Structure formats: C-alpha cells, structure tokens
Amino acid sequence: EDGQTYRELIHEYIEQRYEGRPTPGEVSDVCRDYLSRLFTPKRIESILSHPQFQLNFTTALMAREFPTKWNTLASVVLATLYNAVDRRLLGLHFRRAVFSTLPHPQNSPLATSWDAIPSITVPLTSRNFLPGILATGSIPTVLSGESNIEGSDSGHHFDGGLLDYHFELEAPGP
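So, here is what we can say about the structure in this document. Predicted model, so just to flag it, every value in this text is computed and none were measured.

The subject of this paragraph is helix α5 (residues 129-136). Among the residues of α5, those classed as buried are F129, G132, I133, L134 and A135. Packed against the buried residues of α5 are α2 (24-38), α3 (41-48), β1 (56-62), β2 (94-100), β4 (146-147) and β5 (156-159).

Written as structure tokens, this is what we have:
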C-alpha cells in the first residue's frame, strides 16, 4: 500500500497515551487494539499470500502459560544469567518459536534449529497473525505477552529479542 500501513503504525505508536503508570496488561490492550485496526483482514491476507516475500518472526516461548509478574521477572533474570555464562543455557528455560508463512524455501536455515536453542515452527495464519505480532514485540514487564497462540506449542510468548536480538543466517543461493 505504498507505505500507508507503515505510516499508520508510526502514528498509532506515537499517539499512545496512558493515565499514570500503566500495567503490562493495559499496554498490551492498547497495542492489541491499534494492531487490530492497522492489520485488517485484507492486509493480513495480502501479507500471508505475498508472491515474492515470506514473513518470518520469532518469539521467546516460556513453558509456563500466563506467568505472573514475578515468574516473568525471574525468567528475564535467568535468561540474562544464562546468556552471560553460555548462550546454549537459554534453551533450558526458553524455546524459539519461528512464526512463518510456509513453506520455507529448499535448504532454508529457518527449516531447522540453527543453534543449541530448541526451536519450533508456527505456521503463520490469519488466526494467529495478530497474537504473534503482538508477542514478538512484547518486552517482558512492559507488555504482558501472549499465551495459547493457535498453531504453537503451549507456553507463553514474549519478545523474540530475549533469544535473538540480531541474527544473520546464510540462505542458499538461487
């Protein structure tokens, strides 16, 4: 749509307003509301069926569903400690969920776990698109994250940056 969706996203993000100090649930509700306005069914279908581009994003999947504030905080502290000792230890507490419009191209590095952190693939659909998008940006203690996302294993999804802030995977040539 010639950048219209992006401009709307920026506007919605900048115009967020809260009374006092909002809870993660309140911030999540506001974000869920504007993402629902932004990503209409028509836009979602256009993204999922794009003939040239494949959408992929990740979340950090905790085993516990609907964690409390203290479970969430403990998980973030553990992730920080694990990562400081040995990145592979993150897999003791989190799995990587790769949301993707499938199928992956032949020999895609996204088709399997690319490091020691266990990974699952979540087929991206119109029914899990919005919860997945919200989860991938759900910074723990700022937003509440998402549980029970259709097509995913059970658990609670937070910002994929807990596991992979930046990653570069080599894709096979044409």
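On to the packing of aromatic side chains, then. Taken as a whole, this structure holds 2 aromatic pairs when the rule is applied. Seen in terms of ring centroids, F39 and F129 are 5.2 Å apart; in terms of plane orientation they differ by 70°. Their pairing is edge-to-face. Placement of F39 in the loop between α2 and α3 and of F129 in helix α5 is noted, with a sequence separation of 90 residues between them. Judged on exposure class, the residue F39 and its partner F129 are both buried.

Turning our attention to the sheet that holds β1. Hydrogen bonds along the backbone pair up the strands of a sheet, which may run parallel or antiparallel. Judged by pairing direction, the sheet is mixed, and its 5 strands sit side by side in the order β3-β2-β1-β5-β4 without closing on themselves. Two strands lie at the open edges of the sheet, namely β3 (119-123) and β4, each paired on one side alone. By the bridge criterion, 2 bridges tie β4 to β5 in an arrangement that is antiparallel. From the neighbouring strand, S147 faces β5, where its bridge partner is H156. The strands that α5 touches are β1, β2, β4 and β5; relative to β1, the one it contacts most, it runs at about 75°.

Here is what the cut-offs are and how they apply
- Residues numbered from 1 in each chain as written.
- Predicted model: local features only at pLDDT ≥ 70, side-chain atom pairs only at ≥ 80, totals over all residues.
- Heavy atoms only, no water.
- Buried < 20%, exposed > 50% of the residue type's maximum accessible area, 1.4 Å probe, protein only.
- Helix = DSSP H or I, 4+ residues; strand = E, 2+ residues; numbered from the N terminus.
- Contact = heavy atoms within 4.5 Å.
- Phe/Tyr/Trp six-rings, centres within 6.5 Å; stacked < 30°, edge-to-face > 60°.
- Pairing = 2+ DSSP bridges.
- Axes fitted to C-alpha atoms, helices over the stretch in contact; angles between N-to-C directions.

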